[in-house]
Amino acid sequence: MSKKSYRQAINEAMRQEMERDERVILMGEDVAGGTGAAGDQDAWGGPMGVTKGLRPQFGPDRVLDTHLAEISFVGAAAGAALTGLRPIVELMFVDFMGVCFDQILNQTAKFRYMFGGKAVTPLTIRTMYGAGFRAASQHSQCLYPVFTHIPGLKVVLPSNAYEAKGLLIQAIRDDDPVVFFEHKAMYDDEMEVPDEPYAIPFGEANVTREGDDVTIVAFGRMVNFANEAADNLARRGISCTVVDPRTTSPLDTETILETVAETGRLVVVDEAHPRCGMAGDIAGLVAEHAFDSLKAPIKLVTAPHAPVPFSPALEDIYIPGVDKIEAAVAAVLDHDRKVAAE
Amino acid sequence: MTVESRRPTRIPNWWEPEDDGDKASSPEENHMAEIQPITMPKWGLAMEEGMLARWAVDIGTPIELGQEIMDIETSKIANVFESPVTGVLRRRVVADGDTVPVGALLGVVAAPEVSEEAVDDFVRTFLEGFVPEEAGAASGPSAETVEAGGRRIRRLKAGPDTGKPIVFIHGFGADLSTWMLNQAALAEDRPVHAIDLPGHGGSEKALDDGSPAGLATAVIDYMDAEGIESAHLVGHSLGAAIAATIALDAPSRVDGLTLVAPAGFGPEIAGDFIAGFIAESRARKLRPWLEMLVADPQMVTAEMVEDVLKFKRLDGALAALQAVAAANFDGDAQRHSLRDRLADIAAPVHVVWGAEDRILSVAHAEGLPANVTVTVIPGAGHIVHMEKAADVNALIAGA
């Protein structure tokens, strides 16, 4: 156990799995990095330094710095997975998915189904998402709802360094294609992370706070904001349950429904856009299966249906924050008072 | 009466015994000593704040040392708080449901003859002087990994280097954090070690022998590596069977034994608990099994469940648990009995059992040989050292 950043935890997960299983390979743009820079075997380790040190340790046969064409190297990784390797492929920004989406949507996601279960595709696609990095609208999106929509893909949103290491190891060991979303604003966030390898199973939500009044379901980075909001609210006598589903596919509907049955109130926090997103999805789930336990209308806290602004001031307002979560919880609770007044 | 019974209540600084930090020991000694603060305790190294869930005593009520005076909840644990002092409760500074930092003033206890003004002065002085510990700043000693007998052992060492050492040995499936309410309280004037057994917590998962005798070797190796000639051993459940085994097989290494709900004292164990604990990987499915450990299921928090899962997820942990279970238990039967050998233990032996233990029956504490002292604590289950920490700590300190 030692303090590790989100970046170090992800790096350690890849290193330990590459040490454990020689079928694990890593490929992507600049994963070694260094063309034209000093130390060309390991200059950058990716734009955020996440893969640093892997190329010197495992060599160019297992750490492949690819050309700048996602359509071919993501396709190559999917093919390599079919032949028995366990590739980790880095799609630098999820915003670039458009370039290679047929390889993911129509090939990778469909192999097992269309080959009657006779093929497995143990492919891990690591990708960066999220706003707050002053990187404008083409490098800041939260496109996980698009991947979650597609059967055959597993979609993972680690909310901290502990979660990142265990979920990435599970992703690499999983026989199905997994899209692993790393929030670019969290790479320096530190916490205690075991030094030993461990795997966190998919489809098992983590209840990070337990309360009686309101259930908050939050995804990825928003889990931390929800925890902070819950702690602030606890000082005001409002107790919240916070659920981190960990994976949007598979989704632990059981934990969500059980906790809503206990509290009777739901706030969903999602950094993605509101249309066809996880927030609406969870609201629909609860409306269908736990309607009778609801004491108040469901409240959603999401980004607006607008591109991520480049203006720092606007970007800060764009991202769902702790204050908005607290306000949503207060509004949900206020419903009781309004009903009583009528 | 109050002076004798006073114990340090500001636990946050327990690793710095020279810095008492207690507001009551200010210059106006005689007068102030009759007024005593009740402050938010530090339960475990990570605790920074806690919620006073409910006061159990009214203002004006006489309270005794060890009396349950409030319920406190942290993210890790919900538990009753036992009074660290004796006197009359004169003020409730914090109300039910409020969350305050560790060390914050919760209430004031004073003798009946102390004036209202003096109590108010005390509260004012305390509040003016109180500086909450900075978040994450002073976390005290932290667990570390050491080499012992060729194995990687995680341990947490607290207290000074001099004094009669205590070594804490946890039970099946647990780790050193099970002593979070005990280690600090006993580490004021002696070194207190808590270790993770092989196969558990942050220690090496590989196991050659998961029986009490096999695991006893690892504990002795640790004592050798740390230069501990002899120690008071405190063991819980399987850890207690290990401690007793050491006392029998290496008597020179043991000054005394405190055995908390020990294994090896009777024929049976709740085999379904062992099986359920190993099998469940989902928080909601694991929780009912963990609730079997305590008399009051409210004590089990989501974070406690997640901490168990964090251990179980480590590569090799499940195999180690299965190996330890197989070496010690066969369904509802225990494989190893120490009962017939207890009379041979030379060191003082104190057995502590929760009256409502659902894992190892308190009936196992009956009919023990004369050299064994038994304390049965009502209202507690299998993890009595967490449920009734102050009682168990007093027994260990007095042993």
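Please read these numbers as outputs of a predicted model, since none were measured by experiment.

Quick notes on the pattern of salt bridges
Using the criterion set out here, one finds 46 salt bridges over all chains in the structure. Among the ionic pairs, A:D252 bridges to B:R282, the shortest N-O distance being 3.1 Å. In this pair, A:D252 sits in the loop between β12 (247-249) and α9 (253-263) while B:R282 sits in the loop between α7 (271-279) and α8 (283-291), so the two residues belong to two different chains. Where B:K157 meets B:D161, a salt bridge forms, and the shortest distance between an N and an O atom there is 3.1 Å. Look at B:D161 and you get exposed, because its relative accessible area is 65%. Among the charged side chains, a network of salt bridges with common partners joins A:K4, A:E12, A:K165 and A:D195.

Observations regarding the environment of B:L338
Residues and elements named next belong to chain B. Along the polypeptide, L338 turns up in the loop between β16 (333-334) and β17 (349-354). Assessed through its relative accessible area of 7%, L338 is described here as buried. The spacing of L338 and G266 is 72 residues in sequence and 8.5 Å in space, taken between C-alpha atoms. Excluding its chain neighbours within four sequence positions, the residues that come into contact with L338 are A241, A244, T245, L248, A263 and G264.

A short note on the nonpolar core
Proteins that are soluble and globular tend to have nonpolar side chains buried together. Core analysis: the largest hydrophobic core is formed by 143 residues, its most contacted members being B:I38, B:L106, B:F172 and B:L257. By residue number, the principal contributor to this core is helix α6 (residues 238-249) of chain B, which donates 9 residues. Apart from residues lying up to four places away in sequence, B:L106 is in contact with B:I38, B:T39, B:M40, B:L52, B:W55, B:M70, B:I72, B:R92, B:V93, B:V94 and B:V100. Within the second largest apolar cluster, 45 residues are counted, among which are A:F111, A:L143, A:V179 and A:L257.

Comments concerning the environment of B:A390
Summarising the element assignment, B:A390 is placed in helix α12 (residues 389-398). Residues B:A390 and B:P141, spaced 249 residues apart in sequence, show a C-alpha to C-alpha distance of 21 Å.

Describing the domain arrangement of chain B
All names here are of chain B. Once the domains are mapped, chain B shows domain 1 (2-129) and domain 2 (144-398). For domain 1 and domain 2, the distance between their C-alpha centres works out to 31 Å. In this complex, domain 1 contributes 16 residues to the contact, which on the side of domain 2 involves 19 residues. Taken together, the links from domain 1 to domain 2 amount to 1 salt bridge. Note that K388 and E68 form a salt bridge whose closest N and O atoms lie 2.4 Å from each other. One can count 3 residue pairs in polar contact (both at pLDDT 80 or more) joining domain 1 with domain 2. In terms of residue count, the dominant contributor to the side of domain 1 that touches domain 2 is strand β5 (residues 78-82) (4 residues). Of the residues contributing to the side of domain 1 that touches domain 2, the split by class is 9 nonpolar, 4 polar and 3 charged.

Some points on the sheet that holds β17(B)
All names here are of chain B. In space, the 8 strands of this open sheet follow the order β9-β10-β12-β11-β13-β14-β17-β18, with mixed pairing throughout. For this open sheet the edge positions go to β9 (144-148) and β18 (372-377), each flanked by a neighbour on one side alone. For this sheet the average axis-to-axis angle between neighbouring strands, irrespective of direction, equals 25 degrees. Inspection of the sheet shows strand β14 (residues 254-260) paired to β17 by 4 bridges, in the parallel sense. When the bridges of β17 are listed, T258 appears paired with H350. Strand contacts of α6: β11 (166-169), β13 (231-236) and β14, with the helix running at about 155 degrees to β14, the strand carrying the most contacts.

A closer look at the environment of B:F172
Along the chain, B:F172 falls in the loop between β11 and α4 (183-186). For the pair formed by B:F172 and B:V352, sequence separation is 180 residues and the distance between their alpha carbons is 17 Å.

Focus: the domain arrangement of chain A
Residue and element names in this part refer to chain A. Here chain A is partitioned into domain 1 (2-193) and domain 2 (206-341). Domain 1 and domain 2 are separated by 28 Å when their C-alpha centres are compared. Listed per partner, the contact involves 25 residues of domain 1 and 25 residues of domain 2. Both faces considered, domain 1 and domain 2 share a buried interface measuring about 2,100 Å² in area, 54% of it formed by carbon and sulfur atoms. Sorting the residues of domain 1 by area buried against domain 2 places R134, L157 and S159 first, and these three jointly supply 26% of that buried surface. Inspection of the domain 1/domain 2 interface yields 3 salt bridges. The partner of E315 in a salt bridge is R134, and the shortest N-O contact between them spans 2.8 Å. Viewed at the interface, domain 2 and domain 1 are joined by 14 residue pairs in polar contact (both at pLDDT 80 or more). Mapped onto the side of domain 1 that touches domain 2, the elements with two or more residues apiece are α6 (144-148), β6 (154-156) and α7 (161-173). The class makeup of the residues in the side of domain 1 that touches domain 2 is 15 nonpolar, 7 polar and 3 charged.

Remarks on the packing of helix α5 (residues 212-226) of chain B against α6(B)
Packed helices, taken two at a time, are described by their axes: the angle between them and the distance between them. All names here are of chain B. Close contact between α5 and α6 brings their axes to 8 Å; oriented N to C, the two are set at 75 degrees. By the angle between their directions, the pair α5 and α6 is classed as roughly perpendicular. In this structure, α5 contributes P212, A213, L215, A216, V219 and I220 to the contact, and α6 contributes L238, A241, I242, T245 and I246. Taken together, the residues of the contact of α5 with α6 sort by class into 10 nonpolar, 1 polar and no charged.

Scoring rules and cut-offs
Residues numbered from 1 in each chain as written. Chains lettered and ligands numbered in written order. Predicted model: local features only at pLDDT ≥ 70, side-chain atom pairs only at ≥ 80, totals over all residues. Heavy atoms only, no water. Salt bridge = Lys/Arg side-chain N within 4 Å of Asp/Glu carboxyl O. Helix = DSSP H or I, 4+ residues; strand = E, 2+ residues; numbered from the N terminus. Buried < 20%, exposed > 50% of the residue type's maximum accessible area, 1.4 Å probe, protein only. Contact = heavy atoms within 4.5 Å. Core = buried A, V, L, I, M, F, W, Y, C linked by side-chain atoms within 4.5 Å. Domains from an automatic or database assignment. Polar contact = N/O pair within 3.5 Å; in protein donor to acceptor, adjacent residues only side chain to side chain. Nonpolar A, V, L, I, M, F, W, Y, C, P; charged D, E, K, R; others polar. Pairing = 2+ DSSP bridges. Axes fitted to C-alpha atoms, helices over the stretch in contact; angles between N-to-C directions. Buried area = accessible area lost by both parts, 1.4 Å probe. Parallel < 35°, antiparallel > 145°, perpendicular 65-115°, else oblique.

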